[in-house]
Amino acid sequence: MNEEKSQWEQCLDAVQALGGEATSQQVWQYLKQFRADLPAGSINDNLRMLAVNSPSRTSHIAGREPRRTDAGNRYDRLYMKGSGADATFVSYAVAKHGVWEVYSAEGATSTYGTQIRLLQNDAFTVQSALDFLQQRYPHAIKRTDKIVAFQNVLGKQLALDVAIKSVRLWMESPPAFIPDERIEPYPPGRSRNSNLKANAPRLWVGRSACNVQFLSARELLAACDAYDGDSPAANPRIPPAMVAPMNEPLNQILYGPPGTGKTYATIDRALAILEPGFNGSREEKKRKFDAYAAAGQIKFVTFHQSFSYEDFVEGIRARTNDVTSQIEYAIEDGVFKQLCSAARRRVVQSTGNPISLKGRRIWKLSLGEAGIDEGIYEDCIKHGLALIGFGANADYSGVGTREDIARRFQGAAQEGEASDYPVTALNIFIRQVQVGDLFVVTQGNLRFRAIGEVTSEYLYVPREDDTYSQGRKVNWLRVYDAGLPYAELMENRFSQMTIYELRAGSISMEKLAKLLSPAEEAQDGGPRVLVIDEINRGNVSRIFGELITLIEESKRAGRPEALETTLPYSQDKFSVPDNVYLVGTMNTADRSLAGLDVALRRRFVFEEMLPRPDLLVTVDGIDLQQLLTVMNSRIEILLGRDHLLGHAYFIGIHSLEELKDVFRRQILPLLQEYFFEDWERIALVLNDPCKDKSYQFLSKPTYDEQALLGKVGFANCTRWQINAEAFEKAESYLGIYKLTEANT
């Protein structure tokens, strides 16, 4: 190591010596070999000074020219991947990492009032890209307020995302000259922008696609030239999709007798929607289903007679106020409204960089009262701040203990304002929250709308119009256009306290990590699935209410005939997104229920699930396939096809002992239910009249009416009894499908 070089030059040499990519800690450890007293902090500062995309560059370059990284500044040497202690530094290349600029910005919180941004090109914007594409493909244009889709003469589709600032294009295959860092691949099963489904179906789920960032008009022109002149086979980066486009209906019901695998099949249907083409084993499918359910993309409910509109859409619930301990009543979203809210999720602000959660504490924070102090929230997001209103507008800089905060608060508070909770909240906000911790900003108790990283110690921020003067600088990692349901992040709902720590057991760190992953931002508009088991067991008209109309495919949000309604409790305007799928199951044998609502029948696609005897095997000489087929034939003649026996009762039977248990504990009780304990017809199903008495499951014992009743002529029914010994004999089961005459 050349000790005559400056420290920043030594840092560059160390990165190269460590293979071209290293963390600040690795660089420090390397340089300590040559200088033992080297402080770790100075190494970190130098590396961030050299990183073109580091916020630290705003201060380092602010007083110097040039400010753009394509203008030859000798310090523009590194590119930072990630953030915090886990950030890594690699050699900077303009073609690979783009042009970055330090610029003056109103509201910027840095020392020099500057911010940093990635440039495409001086005149290359989303609008200029749109103008070019419209001129190139004038006869094949579809648009929404989120994307504009095009199709070339080869039938290949592409779509420009017009809802973001950078120029990003959805394509079937990426240009070979664009670096991987600017290409987001989408395998066939990965969810994506829902606007693609109707406007650019070749880019929708079920086919391979990619989202590519362009930095110049020259790149876009070259990409279109290649796109219009090659075939998918000529580009090996993403192989041609071999999966057929998804054709699952938005609303479907699987119906059939018990034991035909309706609930079992909902896993396959959900995965066909979320990940078309996946053909793993049953265990792999169940793991994927559980993972999607844990992530909130699948919800599972069972309807019953007590299930209501308040459980499904929204209702008023009693709860205890965490601060006052008083009972209060609040409107709480039901499972369907939560799913619809999550399906509408759109990230409106994002860092785009990965972040490690290791060593960070997570805090719930309210930025003003939702629906009332919206200006506070908007100011915080705009200026990169977190503000709380406690503290009576006093400056708490320099406080060292909770007692210091209490004394300063008591000195500033008006008479009647002094209480313990403001001091507790201030103590948490000023002293306990550390730089690097995360704030989860809530919207009431049931939603959250932003996640940010604390980047400074306490700041006093005097304000003229309100008392929200206690602040911390925050890097907002995710900001959502509408609040997400708490279930997307939490195991239980938020408390009303302004600020408190979210500990394990209340927050799901797995869900938080997923929300903050770069890939998750691209999941906006992805499909969501609600599985409704036993849909006909509930009062369907009462549960769905006015949503009976809104779930219809043509009435979904984004469709030409879209409708919305005003919900009765919250008075929210509500529509059903077109990326929400309903998969229901219905047992046709449940005689305790009235017919399914006709309005609901019209809005669902129905698929009958019949018994599958072909899935069964032979056990101890007993052909289960033949046994089930013959029994169902008799039941259909005697009762109807809605009351058949499903194959699931016999799946997994490998011995006579297991068959005996199934017949005694499941099949016979079910037949009793089917036939209202008409034992004679049950005996016909079991073929008992044609079997030897010792193999008959049911028998008619003789009895002395005179001895039992003291008179004769009063008995109006035949006595039946179950022959327990028959269940132990293979011949009893063979006799069900082998027609013989009884040995009387």
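Scroll up for the structure.
The following refers to the structure shown. (Residues numbered from 1 in each chain as written. Predicted model: local features only at pLDDT ≥ 70, side-chain atom pairs only at ≥ 80, totals over all residues. Heavy atoms only, no water.)

## Some remarks on the overall build of the protein chain
Here is step 1: Along the protein chain, the regular secondary structure elements total 25 helices and 32 strands.
Here is step 2: For the protein chain, with 744 residues in total, the buried portion stands at 51%.
Here is step 3: Long-range pairs, those at least 24 residues apart, make up 66% of the contacts in the protein chain between residues at least 6 apart in sequence.
Here is step 4: Just so you have it, the protein chain exposes about 34500 Å², and 49% of that area is on carbon and sulfur atoms. (Helix = DSSP H or I, 4+ residues; strand = E, 2+ residues; numbered from the N terminus. Buried < 20%, exposed > 50% of the residue type's maximum accessible area, 1.4 Å probe, protein only. Contact = heavy atoms within 4.5 Å. Areas by Shrake-Rupley, 256 points an atom, 1.4 Å probe, with all protein chains shown as cover.)

## Re the packing of helix α21 (residues 624-638) against helix α25 (residues 730-737)
Here is step 1: Between α21 and α25, the shortest axis-to-axis distance is 8 Å and the interhelical angle comes to 55°. Of the possible angle classes, the one that applies to α21 and α25 is oblique. Judged by the twist between their axes, the crossing of α21 over α25 is left-handed. Residue-level inspection shows Q626, L627, V630, M631 and R634 of α21 in contact with α25, the latter providing Y733, I736 and Y737.
Here is step 2: Of the residues in the contact of α21 with α25, the class split is 6 nonpolar, 1 polar and 1 charged. (Axes fitted to C-alpha atoms, helices over the stretch in contact; angles between N-to-C directions. Parallel < 35°, antiparallel > 145°, perpendicular 65-115°, else oblique. Left-handed = near helix turned anticlockwise from the far one by under 90°. Nonpolar A, V, L, I, M, F, W, Y, C, P; charged D, E, K, R; others polar.)

## Comments concerning a nonpolar patch on the surface
Here is step 1: A contiguous nonpolar surface patch, about 510 Å² in accessible area, is contributed by I316, I327, Y329, I331 and Y569.
Here is step 2: Among the elements that take part in the nonpolar patch, strand β15 (residues 327-333) stands out by supplying 3 residues, more than any other.
Here is step 3: Note on placement: Y569 falls in the loop between β25 (565-566) and β26 (573-574). (Patch = residues over 30% accessible without salt bridge, like charges linked within 9 Å, V, L, I, M, F, W, Y side chains within 5 Å. Salt bridge = Lys/Arg side-chain N within 4 Å of Asp/Glu carboxyl O.)

## A short note on the packing of helix α14 (residues 402-412) against helix α15 (residues 420-432)
Here is step 1: The geometry of α14 relative to α15 is characterised by a closest axis approach of 9 Å and an angle of 130° between their N-to-C directions. In this view, α14 runs oblique relative to α15, as classed from their interaxial angle. In this structure, the crossing between α14 and α15 has a hand that is right-handed. Across the interface between the two elements, R402, I405, A406 and F409 of α14 pack against D420, P422, V423, T424, L426, N427, I430 and R431 of α15.
Here is step 2: Across the contact of α14 with α15, the residue classes tally to 7 nonpolar, 2 polar and 3 charged.

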